[in-house]
Amino acid sequence: METRFKAGIGFVRRLAAIFNAGLGFTFLVVANWAVELGIDNDPGWGKGRYALLGMGLFCLTIGVMVWFWPIFRPWFVKGDQWAIQWYERLRKSWLYRVIIGLQRKVERIPWLATREKRTRWALGVTLVGVLAVFWWYTTAGTFLKWYPYYHTYYDRLAEAFLNGQIHLLEKPDPSLLALSNPYPYENRAGAKYLWDVSFYNGKFYLYWGPTPALLLAGLKLVVHRVIEDQVLVVGFLLGVAGLLVGLGYSLWRWYGHHGSSWLPVFLFPALGLNLYLLWPTGRPGVYEAAILGGQFFLLLSMACLLKAMTTHTPSYGWYGVAGVCLALAMGSRMPLVLSVGWLTLMVVWRSWSMVQREPGIAFRKAGAFLFPILLGGGLLLWYNAARFGNLFETGLSYQLSIPEYPPERSWLFSAKYIVPNSFQYFFREPSFQAVFPFVRFPFIKESSWPWFIRLPDHYLYHEPQGGILLVFPLLLVIPVGLVYTMVRWVESWRRSGFWQACRSWGLQPDKWLVVSLLGVGFLQMSLILFYFFSAMRFQLEYVPIFSLAAVLLIRNLDSKLEGHRWYRLFFRGLVTGLALYSIGAGLMGGFGAGEERFELNNPALFSQLRDGFHLLLGR
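Residues numbered from 1 in each chain as written. Predicted model: local features only at pLDDT ≥ 70, side-chain atom pairs only at ≥ 80, totals over all residues. Heavy atoms only, no water.

## Section: the overall build of the chain
Move 1: Scanning the chain from terminus to terminus reveals 24 helices and four strands.
Move 2: For the chain, the accessible surface area stands at approximately 29700 Å², while carbon and sulfur atoms represent 67% of it. (Helix = DSSP H or I, 4+ residues; strand = E, 2+ residues; numbered from the N terminus. Areas by Shrake-Rupley, 256 points an atom, 1.4 Å probe, with all protein chains shown as cover.)

## Considering the packing of aromatic side chains
Move 1: Evaluation of the coordinates by the stated rule reveals 48 aromatic pairs.
Move 2: With a centroid separation of 5.6 Å and 20° between ring planes, the pair formed by phenylalanine 388 and tyrosine 398 is classed as stacked. Of the two residues, phenylalanine 388 is situated in helix α15 (residues 359–388) and tyrosine 398 in the loop between α15 and α16 (418–427); the sequence distance between them amounts to ten residues.
Move 3: By relative accessible area, phenylalanine 388 is classed as buried at 3%. (Phe/Tyr/Trp six-rings, centres within 6.5 Å; stacked < 30°, edge-to-face > 60°. Buried < 20%, exposed > 50% of the residue type's maximum accessible area, 1.4 Å probe, protein only.)

## Let's talk about the pattern of salt bridges
Move 1: Within this structure, the stated rule accounts for ten salt bridges.
Move 2: The closest approach of N and O atoms between arginine 156 and glutamate 170, which form a salt bridge, is 3.4 Å. Note that arginine 156 is positioned in helix α6 (residues 153–162) and glutamate 170 in the loop between α6 and α7 (174–177), a separation of 14 residues in sequence.
Move 3: According to the relative accessible area criterion, arginine 156 is partly exposed, its value standing at 27%.
Move 4: For glutamate 159, the salt bridge goes to lysine 220, with nearest N and O atoms at 3.1 Å. Residue glutamate 159 is found in helix α6, and its partner lysine 220 is found in helix α8 (residues 211–220); the two are separated by 61 residues along the sequence.
Move 5: Members of the salt-bridge network, linked through shared partners, are Asp155, Glu159 and Lys220. (Salt bridge = Lys/Arg side-chain N within 4 Å of Asp/Glu carboxyl O.)

## So, the packing of helix α14 (residues 337–354) against helix α19 (residues 498–507)
Move 1: Look at α14 against α19: their axes get within 8 Å of each other, and the N-to-C directions meet at 105°. In terms of their interaxial angle, α14 and α19 are classed as roughly perpendicular. Within the contact between the two elements, α14 uses Trp349, Arg350, Trp352, Ser353 and Met354 and α19 uses Trp499, Cys502, Arg503, Trp505, Gly506 and Leu507.
Move 2: By residue class, the composition of the contact of α14 with α19 is seven nonpolar, two polar and two charged. (Axes fitted to C-alpha atoms, helices over the stretch in contact; angles between N-to-C directions. Parallel < 35°, antiparallel > 145°, perpendicular 65-115°, else oblique. Contact = heavy atoms within 4.5 Å. Nonpolar A, V, L, I, M, F, W, Y, C, P; charged D, E, K, R; others polar.)

## Considering the packing of α14 against helix α20 (residues 509–529)
Move 1: Interaxial distance between α14 and α20 falls to 9 Å at its minimum, and their mutual angle equals 160°. One finds that α14 runs roughly antiparallel with respect to α20. Crossing of α14 against α20: the hand is right-handed. Contacts between α14 and α20 involve Leu338, Ser339, Trp342, Leu343, Met346, Val347, Trp349 and Arg350 from the first element and Pro509, Trp512, Val515, Ser516, Gly519, Val520, Leu523, Gln524 and Leu527 from the second.
Move 2: Counted by class, the contact of α14 with α20 contains twelve nonpolar, four polar and one charged residues. (Left-handed = near helix turned anticlockwise from the far one by under 90°.)

Given below as structure tokens:
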């Protein structure tokens, strides 16, 4: 076992070295030949090219050091011995005795008496801090003032539901009814109509999922007023952020041993305070409400599944609630049917693995999980048929939307969009500036595309975008963890055979969860890579679930490195640096998120923050 582990560590080390060296070389090439590659129109060396040069040298240095680690290791061993001697001398000093005395006084406080209590308090502070930051951005730094936003689509659908109908109460204008084909944008010139809704048989419908409207209809029974879509956005956003921190804590404490580590101090805030979650605070519209609603119920279902696996008694109820949450997730964001299908397959897989031990319990758990999903899916099919006479029509074919909308529905998803979407979602560089807030995301222009990407017909890219590698690099652990997981799977397959390996992995909650989370993330990411339109909000389709997968993978790798002092220290330092960078990019980018509502709604505070940061940096 130890030999296989060392071989696996060596493989991962060489893979990491090649990846870092390749990334560094790529950055150096782009920095040196940015003009020739068509990436930079300015022949001079600006901040962006110098930043690429620095990143390239850094990544190349890391790659070389990791590849030749056996050569560098003796020097680190000597440094380790020196550090131990220094620490022994420090323990004899008066300063160490003072610090230990203060620590013991703190530990004598009843609600901080045990490590578990201190950990829970730290979690509570992190959770409250993350939610407070979201509320601060939402209210433009006031905490008390609510700024209106014009989107009220879900309120209109909620009113329709309360009036016993599934189409909106608004009547189409005669100028729209008079058109023989109102769907091409140019045909609607001069006509009056609701923007970005579906129009069919003389009625208006919403093509977004009905779940948020159903929740809003229940709320409107108590609150008799128009409720903006941003209420749903903020509510779901706070829920998603809270679930990410809470689930991250549960996975970290439950998965593997409960050894102490300072990684969660930086890791958990990064789960919530990244740019992609802060972006909707600057654009809290109906689109964001639908996506965040789906993510909220998806994460809630994962929390229920985790609870079901950690209880000692048969947990039919938790499996049932998880199924209900997935049905609500589909009802919020219908493309989540891919994730629901994958998680259904995962639960069936786990139930099949348990059949030999507890056949009756396994079938009942799977049934409790599947029943609400099938019921919810059936209701959604009925909802589509009742509106458009087609079980699988959600309203996209009858959309009154942008002029660039593809004329054929078959062109909405295509493999020809993969290359530009990959560049947008992974490599698109934000605008780093020397003035507050230092990170901005301008609208994409045709001239900002590199020469080697040929934009396909009907591809839409005008909205701001920021690539994960430069905005949320903490998720770089995903491909490394994927390779590590695949290596472990192949080893298990070779050792015990395919079916026995499947049964063994299905019975181990840690491995089952890794496969489940990675599968959901890659399915949702693949879907948006095929879509004709790239937007920052679409990153929310997979960033939250990948964030949880990253926690599991980081915890897994950190545990496996126990006993390897410098490997583990380097790994923890790398994760900490990526987490801090992700938090910084998120907090700074949040000021210009979406439609830059923070500066628009509170220009005085924005000016104070700008002056304060410039004074701090000596500008």
